[in-house]
There are 2 protein chains.
Amino acid sequence: MDKTLMAAALGATPADLAITNGRVVNVYSKEIYPGGVAVSGTNIVAVGDVDYCIGENTEVINAQGRLILPGFIDGHIHPESANLSIGAFADIVLRHGTTTVMADMHEVGVVAGLEAIEAVLEEGKQTDLKIYFVVPSHVPFSPGLETSGGLFDSKTIEQALSREDAVGLSEIVGPYLLSGDEELGKAIDSAKKMGKSLQGHLPEMKGPAMNACMAAGVSTDHESLGTEDAIERIRAGAHLMMREGSAARNLSECLKAITEEGLDPGTSSIVTDDLHTIDAVDRGHLDDSLRTAVKSGIDFVTAVQMVTLNAARAFNLDREIGSLAPGRRADILLAEGTNESFHVDTVISDGRIAVKEGKSLRPYTKTSHAPVLLNTVKLQKEVVPEDFMIRVPQESGTARVQLMRTLDWIPITYGEEVTLPVQDGVVRADLEQDALYIAQVERYGKNGNVGKAFMGGFNLKSGAIASSIGHDNHNIIVLGTHFEDMALAVNRLAEIQGGQIVVDQGKVLKEVPLPILGLLSDLPAEELSAEKKELVRHVHELGSKIPIPFMFLSFICLAAIPEYAVTDRGFIDVMKQKIIDPILELSS
Amino acid sequence: MDKTLMAAALGATPADLAITNGRVVNVYSKEIYPGGVAVSGTNIVAVGDVDYCIGENTEVINAQGRLILPGFIDGHIHPESANLSIGAFADIVLRHGTTTVMADMHEVGVVAGLEAIEAVLEEGKQTDLKIYFVVPSHVPFSPGLETSGGLFDSKTIEQALSREDAVGLSEIVGPYLLSGDEELGKAIDSAKKMGKSLQGHLPEMKGPAMNACMAAGVSTDHESLGTEDAIERIRAGAHLMMREGSAARNLSECLKAITEEGLDPGTSSIVTDDLHTIDAVDRGHLDDSLRTAVKSGIDFVTAVQMVTLNAARAFNLDREIGSLAPGRRADILLAEGTNESFHVDTVISDGRIAVKEGKSLRPYTKTSHAPVLLNTVKLQKEVVPEDFMIRVPQESGTARVQLMRTLDWIPITYGEEVTLPVQDGVVRADLEQDALYIAQVERYGKNGNVGKAFMGGFNLKSGAIASSIGHDNHNIIVLGTHFEDMALAVNRLAEIQGGQIVVDQGKVLKEVPLPILGLLSDLPAEELSAEKKELVRHVHELGSKIPIPFMFLSFICLAAIPEYAVTDRGFIDVMKQKIIDPILELSS
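Figured I'd write up the structure that's included with this text. (Residues numbered from 1 in each chain as written. Chains lettered and ligands numbered in written order. Predicted model: local features only at pLDDT ≥ 70, side-chain atom pairs only at ≥ 80, totals over all residues. Heavy atoms only, no water.)

## Things to note about the pairing of strand E13 (residues 268–271) of chain A
Residues and elements named next belong to chain A. In plain terms, the rule: Exposure classes here rest on a 1.4 Å probe applied to the protein chains alone. A residue is buried below 20% of its type maximum, exposed above 50%, and partly exposed in between. Helix and strand assignments follow DSSP, with helices taken as H or I runs no shorter than four residues and strands as E runs no shorter than two, numbered in order from the N terminus. Between any two strands, at least two bridges found by DSSP are needed for them to pair.
Burial along E13 is two-sided: the residues Ser268 and Ile270 and Ser269 and Val271 are all buried. Where strand E12 (residues 239–243) lies against E13, 4 bridges are found, and the strand directions are parallel. Counted as the bridge partner of Met241 is Ser269 from E13.

## Focus on the packing of aromatic side chains
Two aromatic rings are characterised by how far apart their centres lie and by the angle between their planes. Condition: The aromatic pairing rule takes the rings of Phe, Tyr and Trp, using the six-membered ring of Trp, and pairs them if the centres are within 6.5 Å, calling planes under 30 degrees apart stacked, those over 60 edge-to-face and the rest tilted. When the NZ atom of lysine or the CZ atom of arginine is within 6 Å of a ring's centre and also within 35 degrees of its normal, the charge is said to sit over that ring.
For the structure on display, the rule yields 10 aromatic pairs over all chains. Between Tyr564 of chain B and Phe571 of chain B, the ring centres sit 5.3 Å apart and the planes meet at 10°, which makes this aromatic pair stacked. Since its relative accessible area comes to 1%, Phe571 of chain B is described here as buried. Linked through ring pairs, Phe72, Phe300 and Phe342 of chain A together constitute an aromatic cluster. Against the face of Tyr132 of chain A rests Lys130 of chain A, its NZ or CZ located 5.1 Å from the ring centre.

## Thoughts on helix H4 (residues 154–161) of chain A
Definition in use: What the arc describes is the spread of directions from the helix axis to the C-beta atoms.
Residues of H4 of chain A that are buried: Ser154, Thr156, Ile157, Ala160 and Leu161 of chain A. Projected down its long axis, H4 of chain A carries its buried residues within an arc of 155°, all on one side.

## Focus on the interface of chain B and chain A
To be explicit about the condition: Whether two residues touch is decided by their heavy atoms; if any such pair falls within 4.5 Å, the residues are in contact. Summed over both partners, the accessible surface that disappears when two parts come together, traced with a 1.4 Å probe, is what is meant by buried area. Take a side-chain nitrogen of Lys or Arg and a carboxyl oxygen of Asp or Glu: if they are within 4 Å of each other, that pair is a salt bridge. Polar contact is the term for a pair of N or O atoms within 3.5 Å; when the atoms are in protein, one must be able to donate a hydrogen and the other to accept it, and sequence-neighboring residues count only if both atoms are side-chain atoms. When residues are sorted by character, Ala, Val, Leu, Ile, Met, Phe, Trp, Tyr, Cys and Pro go into the nonpolar class, Asp, Glu, Lys and Arg into the charged class, and all the rest, Gly among them, into the polar class.
Tallying the contact residues gives 49 residues for chain B and 49 residues for chain A. In total, about 4,000 Å² of surface goes out of reach between chain B and chain A, with carbon and sulfur atoms giving 56% of it. Between chain B and chain A we count 2 salt bridges in total. Residue Glu31 of chain B is joined to Arg235 of chain A by a salt bridge in which the shortest nitrogen-to-oxygen separation is 2.6 Å. Connecting chain B to chain A are 12 residue pairs in polar contact (both at pLDDT 80 or more). Those elements giving two or more residues to the side of chain B that touches chain A turn out to be helix H1 (3–10), strand E2 (31–40), strand E3 (43–48), helix H5 (174–178), helix H6 (182–193), helix H7 (207–215) and helix H8 (227–235) of chain B. Counting residues per element, the side of chain B that touches chain A draws most heavily on H7 of chain B, at 6 residues. Here the side of chain B that touches chain A is composed, by residue class, of 25 nonpolar, 13 polar and 11 charged.

## Considerations on the sheet that holds strand E6 (residues 72–77) of chain A
Residue and element names in this part refer to chain A. With respect to topology, 8 strands assemble into an open sheet ordered E6-E7-E8-E9-E10-E11-E12-E13, the strand pairing being parallel. Lying at the two open borders of the sheet, with one neighbouring strand each, are E6 and E13. Strand direction decides the pairing type here: strand E9 (residues 166–173) and strand E10 (residues 197–201), joined by 4 bridges, are parallel. Across the sheet, residue Gly168 finds its bridge partner in E10, namely Ser197.

## Some details on the nonpolar core
Heads up, the condition is: Throughout, nonpolar core names a set of buried Ala, Val, Leu, Ile, Met, Phe, Trp, Tyr and Cys residues whose side chains join them through atoms within 4.5 Å.
Within the largest apolar cluster, 284 residues are counted, with the highest numbers of intra-cluster contacts made by Leu169 and Ile438 of chain A together with Leu169 and Ile438 of chain B. If near-sequence neighbours (up to four positions away) are discounted, Leu169 of chain B is found in contact with Val135, Pro136, Ser137, Ile157, Leu161, Ala187, Ile188, Ala191, Ser197, Leu198 and Gln199 of chain B.

## Let's talk about the relation of the copies chain B and chain A
Definition in use: The superposition of copies rests on a least-squares fit of C-alpha positions from residues with pLDDT of 70 or more in both.
After a rotation of 180° and a shift along the axis of 0.0 Å, chain B superposes on chain A with an RMSD of 0.1 Å. Within this description, the copies of the chain are treated as partners about a two-fold rotation axis. Minimal C-alpha distance to the rotation axis in chain B is attained by Asn316 of chain B, lying at 3.5 Å. Of the residues that chain B buries at the interface, 98% are likewise interface residues in chain A, meaning the two copies contact each other through the same surface.

Written out as structure tokens, the structure reads:
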């Protein structure tokens, strides 16, 4: 029994901090009313009338009529998607009102295992952001089809789940669950035994398949692409995480389940999933999603519930976070605007002011990193242009090739048969047809694999681009018009310990180092955003029209997204889950 | 991972039971739509379209358009208030649609300790009712002022809380919590450590006091007497248990917080607290409360949420019970009427049909009881009329006496100074002034105490009434006009091992045995209800106008309800928490 807290709540001892003269947003009663919030240590002790809590040494913040609301909670996010160190990530999301995230860091895990995730979580403790851990359930994603650094077998998962900050098993993929995957089954049993939640990734699941996932104990899903999906999930008793993120903006469509179909919003929250650096800087985080929600016709307090209380409830954490109430963690925002003009200016996290007038009081500065997070890019040998050549047993003529071409608006590839020239026994790219070389180079020092294929949709007229972010195995993926530029790009990335790069005609046009795990930068968000914009500008100058070319590039190696992929092991037919030869037929 | 369940949900194996052609009440989406429910074993596997689940051996129930809803959950009830064995209690509440209760059995505990509660819970497992255990936090209630049988110190409480069916610490009384009671503090710490909820009893708490209780971690309250209280609790983040029970009907007033003030109902549920036999038989249980709620202006599905999902959420049990969804326990009702005509006709509990067309399929029959539950009434010696006399050191004259008089409509006593005759050195009752003898006789064989006082409000013109139900110590309380009738009443109760009795002029007019702990009958509900009506008829014939005289009588010994009480230790000034002499002054 916390007597200190009770004494402060009673007014027997003065509060440490009191916000007065504000408009309290009460997510329980669903009201906004005049009042304040009093804090003792790291907890709220009173809400509403708090004058009695104020003593001589109480720090008083006059809210001057501003809204007082609970700090925002993101129930599903991959912090690596921002390519920031966890300190820089925390800094920027806090400035946008987020005080808690449930982080799935499977990318960190893919590169360097649980030890690396734990090192990042440890760095996270130095920030003002509360980070809960949702444990990746499936690393590597396609074990037979790619090489990865870390491995999450059921033992590792059990170890990870036993952490106090672990609140669930993450990304439980519907089809894997239904197929009776043994390792996944063990992981699920561990999670259940430990009372941790089962977080679902259930795209297009409905009817019997959805029922089976729910019967297995999955309690949430964030793969709802539209209104019908949303309705299905709410009705099935799944907590619906409406996703509004850089890679997928499903919020407006999902919200129609509430605004048009009249469903109860009580089991819906808003999550991000992926948050790219540029979006974090230019748009924001859950504050931006809240504006989007209100613009879509949700009333303001309901939208606030969806980024606070409802999110907390999905993890049974609602007695700790997600509301302004005595006993809760003192995560408090001061903000203005109950509509599309909503913006946060002050953020209190764990009872300490973290952001004031939009500025961090303890702004991010580069921190040191545990060794496990560094020097993770190891080529078995430097690559040479020849490594990227697809040789055929004829000197010239043509080859009928299975090309993979990406859609313009989303990195989903479809097959296209093209005829490419053979020259000196090597099948050549054809810029006219927009058929370029693409390859993925293994970078964990394990086997030196180079998987090769042909790629359409990027429209480069010259040069090469490469990235050590390559989902989900994070080997180096490289796309180019010439083998020499491709080799330069890959070797340079290895030299700088990972990053994203644009080269042309033997010169590096722009590089963005990502020395932490080959995934993350040490720069603050605003600087990294500027660097990335510069990087993309160069890619556009080389001919590509794709607005986010590196994001697209990083998804081409995803052996789970139809219809084709390239991994370090080769060209993948995703539907058949097999490595295939891109060369279909030769003609002289 | 439950593969059997998943297979049934997928339709790969047929369901055991399917309800078809109904109207599903979905407490998540807050809709009613055509569909059914399929069950495999003890769990729901599909809701809505369930045709695919039906196989050759599936038992199909055609709902014929009836409503299909989740079984009802009572989040706070004292089953002993019905004076039935747990088997008979389960039988009647099931027939009214209740499939789960959170039972606080502190009365059982007062009489014979944790061992007795555990024996009752064991009997409960033989029924179709799911009984969770909320552990009494304060037994005996007023240790210095009464004798009780069982003791719940912090060690007993810890032991009780560790049970798998224990879901919280119960009746945490606001003032005790705020006073820093040591034993209560230890109990709370145990509960928190074990992740069990803290159930509050916070009458009239508001502002700082409410904040302090919330800060201590109390998560619910059921002592909301009206609209303002309700608003206060919802806003403070407490789960509001709106009480509609035999002893207190606060539901209509509490509901105004929602219907008139527009507050969100998401953290409100409906509980019973006390359910008297006669009310259970004549009115019902949560089905009756649901009708009351709808009549008060709450929409039907919201009212259903308040007796299902919201109640489950208060205990973090919402992934197990409280909704129709795959994975949930198969507690399902078929009912008709989305308004005041609502009534249940079929009840499925844990996948088995328990009630059909309003009748139990496995009706209650008397069961045997563990020895700890029997032979609990032990007088140290037979009482004699002299035991009830209040002697004074003068033979005649008058005595100025502090009488306690009960209000007509609720057993709250106030003080009244009266002048009573002294005869043969004994202060005498005065029927004209409605000043009767009242006493409580210790019945655990520990000390033979007899506490004595004078009582107004019952208006008996003759005879005596006695009860071995006497809150909260359950010693035998006896009220009468003549010492001889009082002695007869008490001795007879001891002879039949507890009960309630009316005697007059040396004869027993009516007795209702309560041989289980001196609190509960072996009769089925309908029979006990008839017996009690007969008992009360006799009391009315003796002059009392109080509609429920035994209920009132049983509260006169509550040393916690103002302003006065009588326990086995004597006449109690409740405000001062002291034993006092009812005789104020003597005159010759």
